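# A look at the structure
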Amino acid sequence: QELALKSLGSEGLFLFSSLDTDNDLYLSPEEFKPIAEKLTGVAPISESEEAETPDPSGETLSVVAKFQPLVMETMTKSKDGFLGISHVALSGLRNWTAPAAPMGVIPARQFKAFLPPKNKLDLGDPWWIIPSELNIFTGYLSNNRFYPPPPKGKEVIIHRLLSMFHPRPFVKTRFAPQGAVACIQAISSFYYTIAFRIHAEFQLNEPPDFPFWFSPGQFTGHIVLSKDSSHVREFRLFVPNNRSLNVDMEWLYGASESSNMEVDIGYLPQMELESTGPSIPSVIHDENGNVIDSRDPSGEPIQFVFEEITWQQEIPWEEAAQKLEVAMYPFKKVSYLPFTQAFERAKAEKKLVHSILLWGALDDHKPPSASLPLPGSGRTLRETVLESSPILALLNESFISSWSLVKELEELQTNRENEFYSKLADLHLEKYNFPVEMIICLPNGTVVHHINANYFLDITSMKPEDAESSMFSFSTNFEDPSTATYLQFLKEGLRRAKPYLHT
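One structure accompanies this document, and this report is about it. From a predicted model like this one, the values you see are computed outputs, not experimental measurements. The residue numbers shown here count from 1 along each chain, following its written sequence. Only residues with pLDDT of at least 70 are given local features in this predicted model, and only at 80 or more are side-chain atom pairs given and counted; all residues enter the totals for whole chains, interfaces and linings. Each side-chain value is derived from all of the structure's non-hydrogen atoms; neither hydrogens nor water enter the calculation.

## Looking at the pattern of salt bridges
In what follows, salt bridge is the name for a side-chain nitrogen of Lys or Arg lying within 4 Å of a carboxyl oxygen of Asp or Glu. In total, this model carries 16 salt bridges according to the counting rule given. Glu-274 serves as the salt-bridge partner of Lys-66, at 3.0 Å between the closest nitrogen and oxygen. Pair noted here: Lys-66 is in strand S1 (residues 59–68) and Glu-274 is in strand S13 (residues 270–275), with a separation of 208 residues, a long-range link. With its nearest N and O atoms 3.4 Å apart, the salt bridge here joins Arg-168 to Glu-206. Placement of the pair is Arg-168 in the loop between helix H5 (155–162) and strand S4 (169–170) and Glu-206 in the loop between strand S7 (201–203) and strand S8 (212–216), with a sequence separation of 38 residues. Linked by salt bridges that have partners in common, Glu-133, Glu-155 and Lys-172 make up one network. Labels follow the DSSP assignment, with helices taken as runs of H or I lasting at least four residues and strands as runs of E lasting at least two, numbered in each case from the N terminus.

## Side note on the side chain of His-159
The residue His-159 is located in helix H5 in this model. Whether two residues are in contact is decided by their heavy atoms, any of which lying within 4.5 Å being enough. Apart from residues no more than four positions distant in its own chain, His-159 is found in contact with Pro-148, Pro-151, Pro-169 and Val-171.

## Quick look at the nonpolar core
We call a set of buried Ala, Val, Leu, Ile, Met, Phe, Trp, Tyr and Cys residues a nonpolar core when their side-chain atoms join them within 4.5 Å. Each residue's exposure class comes from its accessible area (1.4 Å probe, protein chains only) as a fraction of the maximum for that residue type: buried when under 20%, exposed when over 50%, partly exposed otherwise. Ranked by size, the top nonpolar core spans 62 residues in total, and within it Tyr-336, Ile-356, Met-438, Phe-456, Tyr-486 and Leu-490 carry the most contacts. Domain boundaries shown here were taken from an automatic or database domain assignment. Summarising the domain contributions, this core has at least three residues from each of domain 2 (59–293 + 301–320) and domain 3 (329–502).

## Digging into the packing of helix H11 (residues 406–413) against helix H12 (residues 419–431)
Orientation of H11 relative to H12, taken along the N-to-C sense of each, is 135°, at an axis distance of 8 Å. Considering their axes alone, H11 and H12 lie oblique with respect to each other. In this structure, H11 meets H12 at a crossing whose hand is left-handed. Along the contact surface, H11 presents Val-406, Leu-409, Glu-410, Leu-412 and Gln-413, while H12 presents Tyr-421, Ser-422, Ala-425, Asp-426, His-428 and Leu-429. Fitted lines through C-alpha atoms serve as axes, helices being fitted only where they are in contact, and the angles separating the N-to-C directions of these axes extend from 0 to 180 degrees. By the definition adopted for this analysis, an angle is roughly parallel if under 35 degrees, roughly antiparallel if over 145, roughly perpendicular if from 65 to 115, and oblique otherwise. In a left-handed crossing the near helix is turned counterclockwise from the far helix by less than a right angle, and in a right-handed crossing that turn is clockwise.

Okay, structure coming up:
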């Protein structure tokens, strides 16, 4: 390392390290490939593409990409005019104004990656197209990378589709939950409708600039394809835009993994791929097997007629999406309702509201530091406490759960059309401290108990003897102190609310 630093300098070593994926201080031909492609302008055919023998009589699907760039004014840093942020750092983001490939023609057979395995043929039973290789124990992948690794197996079609937006998609994110999950939404004699959810991100900068990571909350969508994958009837993939913030961004300010990193969130109005129609044969044969022209004598393209699909079993899109969400995030075995709906339900069921108020979303994949400044704290809550069995059981039994973005409650607070909703938002924001506040309140919005994520993680990382003097103490019933402490937080909220709930 010292010799390399002496020879290359810090920025040269930074670029070298970003290519040296196995950290052996040696660039193999595979690792050097991105630079070779950059210098020569020629991208060789990947092994995965070589392995696929195109079927000359197979069908192809035409896909269009629709893209509206990130609204810069929605970034937190825009409030002070991006003060102190170099123009170069954001150049990749500002220059990304259109899809890399507005139109693509893809062999229908490539979509076979979306077909279910033989043991997952029930409606709504999720399976992994691309399994997640990360968890809370493995940590997360390096930020110091510019070029995605070559996609393999089922990653190839996902990589190809996402490359229509930008030339550097990373099919596997740096942090959990990674991958792509799917389930059957509808079944007919010859077709499936498959719902899917993908966690992927893009690297917007190239050397000599430092990395800039662009991480949409999720890609979701559906595909209608034949059971033998020879025909695709419909395809759509998109980033949901129904919340006020749907993208996380991180960028480095120096030539090392430990360099300063800036974090922000923003709103992307549109990022979508859609088929223009069903897949059609590349070559058309007449009834005698002779190849015929794809245009009729007047020069018009031949029109294909497709049989109507009769679905024998189906579930609603919302149900399929929920199954995929729970597969990615086990903590979602508890329903998290929209803010105002949670209070209405709590009133009807005479329960307390368990509310989580965050700067960034709880159920979109994101760098740990993007939702919380403490390393891994967002993931710690999501991947341990909120998905542990005792917590899930108590939340389901005694609480109505909800999570909200600070920005959404600030908008609700100023909405004078509904004074009650405005007051609910007001009571929540009064107790909020950056980055995440966990709040327990009555159906009328009165807060009976709350704890900040930073404080919660501080006390759960204490030794038991040090924690005895704090307002929380550890129960010995659970090995995990964070589960025990969160359970105690919920039970204390129930205790404090008892006089009000029974009046």
